[in-house]
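# Per-entry structural report
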Amino acid sequence: MREHYRPRVTPASYWYVRPAAEGSPPAIPWSARFGASPTVGRVDTSYVPWRAAMERALYGPDGFFLRQAPAAHFRTSVHASPLFARAVAELLLRVDEALGHPDPLEFVDLGAGRGELCLGVLAALPPGPEQRVRVHAVERAPRPPDLAPRVTWADRPPEGVRGLLFANEWLDNVPLDVTETDDAGTPRYVLVRPDGEERLGDPVSGADADWLRRWWPSGEPGTRAEIGAPREAAWAAATGCLNEGLAVAADYGHTRADRPPYGTLTGYRDGRQVPPVPDGTRDLTAHVAMDTLPGTRTTQRDALHALGIAGSRPPLSLASSDPAGYVRALAEAGEAAELTDPRGLGAFTWLATPVGAACGHLLP
Ligand SMILES: C[S@@+](CC[C@H](N)C(=O)[O-])C[C@H]1O[C@@H](n2cnc3c(N)ncnc32)[C@H](O)[C@@H]1O
């Protein structure tokens, strides 16, 4: 884990570029914000829709996530502090209680990276549930050779699960199409080459056009949208693996009230935000249209508070009675503050989708 890496939270001022008012500077296109895209090797001149380009660049042969560990390029809540896994373990215990202590109790980490959350949750469980729990890492990358055998590894969720499915910063990496409104006011698919060069393709039609009309109506020429339908299908498939329990997706996102007019698609590599070039050398991510998904939404800040991650400073008196304990508690308070920061990870949305009646009210 690289301590200095920042979370993949694009400041709102960055992507929320307002249309130019008279006398103000014009909206800044991607190419100008980042400079020309680098060209890797021979130029592939074929343009494809963004969804296909993301699929190939992230998960195709030699795709970014099949070769690269997420923690080598950016910092998620899982990497920020073991307190995050402790909170997820606490939620798993509440699911366990609500389901009447099933044996096995199951925990599924969807988009598991290198299995860090699975190991953290196992370590945080008390002995009884720890012995009953089955931990499943679901990940498209190969199993890390040294991962504890207690953790199963597969590229799709198991069937008939009773327990908790948790997907941290997964949905934002589910490939999707990007559209742009042309000069005549018609939304068109944005096509892209592997070197990042874009052009407009066919007008958006069929189910995609219906989705845009319902969730992200097109704006003036030059504005963009990101069609969230593949995320809805992915989430339906994920929650479909549960027989009974709770599915939670934690991610950065937006709702109809605050859609970004120029979209959010961007790249990350080596701890820095980079242009979204679909050449397999970088993470490609777009915020999640959270309100199109079934379930209840709360902020990570409120969810973690409800799960006992408070972030309050230890009393000064502890410094003299237990200096080592004081230093530990102070470090934990700092980590909790990062996880719950309302301008950072704390602003993430936790989408909770219960399956069955028992786990409907476990989060605020
Ligand atoms: C941003 S990383 C998050 C990793 C980890 N959850 C964390 O929070 O540190 C997203 C991960 O999801 C994985 N992923 C994407 N689509 C997937 C799918 N359909 N099935 C399994 N894993 C997937 C990627 O390979 C990548 O490792």
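Here the structure is a predicted model, which means the values were calculated and not measured.

## Comments concerning the overall build of the protein
In terms of regular secondary structure, the protein is built from 13 helices and 17 strands. The long-range fraction of contacts in the protein, counting pairs at least 24 apart against all pairs at least 6 apart in sequence, stands at 74%.

## A few points about the sheet that holds strand E14 (residues 283–285)
Ordered by their spatial adjacency, three strands build an open sheet running E13-E12-E14, and the pairing between neighbours is antiparallel. The sheet terminates laterally at strand E13 (272–274) and E14, the two strands that pair on one side only. For this sheet the average axis-to-axis angle between neighbouring strands, irrespective of direction, equals 35°. Relative to E14, strand E12 (residues 266–269) runs antiparallel, the two sharing three bridges. Following the sheet pairing, Thr266 is matched in E14 by Thr285.

## Description of the nonpolar core
Counting residues in each nonpolar core, the largest one holds 88 residues, and the members touching the most others are Val88, Leu92, Val121, Leu165 and Val248. No other element matches helix H6 (residues 82–98), which puts ten residues into this core. Beyond its immediate stretch of four places on either side in the chain, Val248 contacts Phe166, Trp350, Leu351 and Ala352.

## Brief notes about the packing of H6 against helix H7 (residues 116–124)
Contact pair H6 / H7: the axes reach a minimum separation of 8 Å and the direction vectors enclose 65°. Classified by chirality, the crossing of H7 by H6 is right-handed. Contacts between H6 and H7 involve Pro82, Ala85, Arg86, Val88, Ala89 and Leu92 from the former and Leu117, Gly120, Val121 and Ala124 from the latter. For the contact of H6 with H7, a count of residues per class yields eight nonpolar, one polar and one charged.

## So, the confidence of the model for the protein
Counting all residues, the mean pLDDT for the protein is 90, and 89% of those residues have values of 70 or more. Counted against residues more than four places away or in other chains, residues 11–42, with its pLDDT under 50, gives 27 contacts.

## Some details on the sheet that holds strand E5 (residues 161–168)
As summarised here, the arrangement of the seven strands in space is E4-E3-E2-E5-E10-E17-E16, forming an open sheet in which the pairing is mixed. The open sheet has two edge strands with one neighbour each: strand E4 (151–154) and strand E16 (296–299). Strand-to-strand twist in this sheet, taken as the mean axis angle between neighbours without regard to direction, amounts to 20°. In the sheet, strand E3 (residues 133–138) pairs with E4 via four bridges, with the strands oriented parallel. Along E4, the bridge assignment pairs His136 with Thr152. Against the sheet, H6 engages strand E2 (105–110), E5 and strand E10 (242–251), with an angle of about 155° to E5. Taken strand by strand, helix H10 (residues 229–239) contacts E2, E5, E10 and strand E17 (349–355), and its axis lies near 140° from that of E10.

## Let's talk about the site of the ligand
Around the ligand sit 17 residues in total, of which Phe65, Thr76, Gly111, Gly113 and Asn168 are the nearest. Broken down by class, the residue content of the shell around the ligand amounts to seven nonpolar, six polar and four charged.

## Here's the deal with H6
Between its terminal C-alpha atoms H6 stretches 25 Å, which fits the 24 Å expected from 17 residues at 1.5 Å a residue. Where H6 ends, the next residue or the one after it, Gly100, has phi of about 80°, a positive value.

## Remarks on H7
Of all the positions in H7, only Glu116, Leu117, Cys118, Leu119, Gly120 and Val121 are classed as buried. Here the buried face of H7 lies against helix H5 (77–80), H6, E2, E3, E4 and E5.

## Regarding unusual backbone geometry
Between Asp103 and Pro104 the backbone carries a cis peptide bond, its omega angle lying at 5°. When you line up the elements, Pro104 lands in the loop between H6 and E2. In this structure, His101 takes a positive phi of about 55° despite not being glycine. Note on placement: His101 falls in the loop between H6 and E2. Its 12 C-beta neighbours within 10 Å are what place His101 among the exposed residues.

## Details of the environment of Cys118
As for its position among the elements, Cys118 is in helix H7. Between the C-alpha atoms of Cys118 and Phe166, which are 48 residues apart in sequence, the distance is 9.9 Å.

## Things to note about the environment of Ala347
Inspection of the secondary structure assignment puts Ala347 in the loop between helix H13 (323–340) and E17. Remark: the alpha-carbon pair of Ala347 and Tyr252, spanning 95 residues in sequence, is separated by 7.5 Å. Contact partners of Ala347, with chain neighbours within four places excluded, come to Thr299 and Pro342.

Procedures and definitions
- Residues numbered from 1 in each chain as written.
- Predicted model: local features only at pLDDT ≥ 70, side-chain atom pairs only at ≥ 80, totals over all residues.
- Helix = DSSP H or I, 4+ residues; strand = E, 2+ residues; numbered from the N terminus.
- Contact = placed C-beta atoms within 7 Å.
- Pairing = 2+ DSSP bridges.
- Axes fitted to C-alpha atoms, helices over the stretch in contact; angles between N-to-C directions.
- Core = buried A, V, L, I, M, F, W, Y, C linked by C-beta atoms within 7 Å.
- Buried ≥ 20, exposed ≤ 12 C-beta atoms within 10 Å, placed from the backbone.
- Left-handed = near helix turned anticlockwise from the far one by under 90°.
- Nonpolar A, V, L, I, M, F, W, Y, C, P; charged D, E, K, R; others polar.
- pLDDT = per-residue confidence, 0-100.
- Near = placed C-beta within 6 Å.
- Expected span 1.5 Å × (residues − 1).

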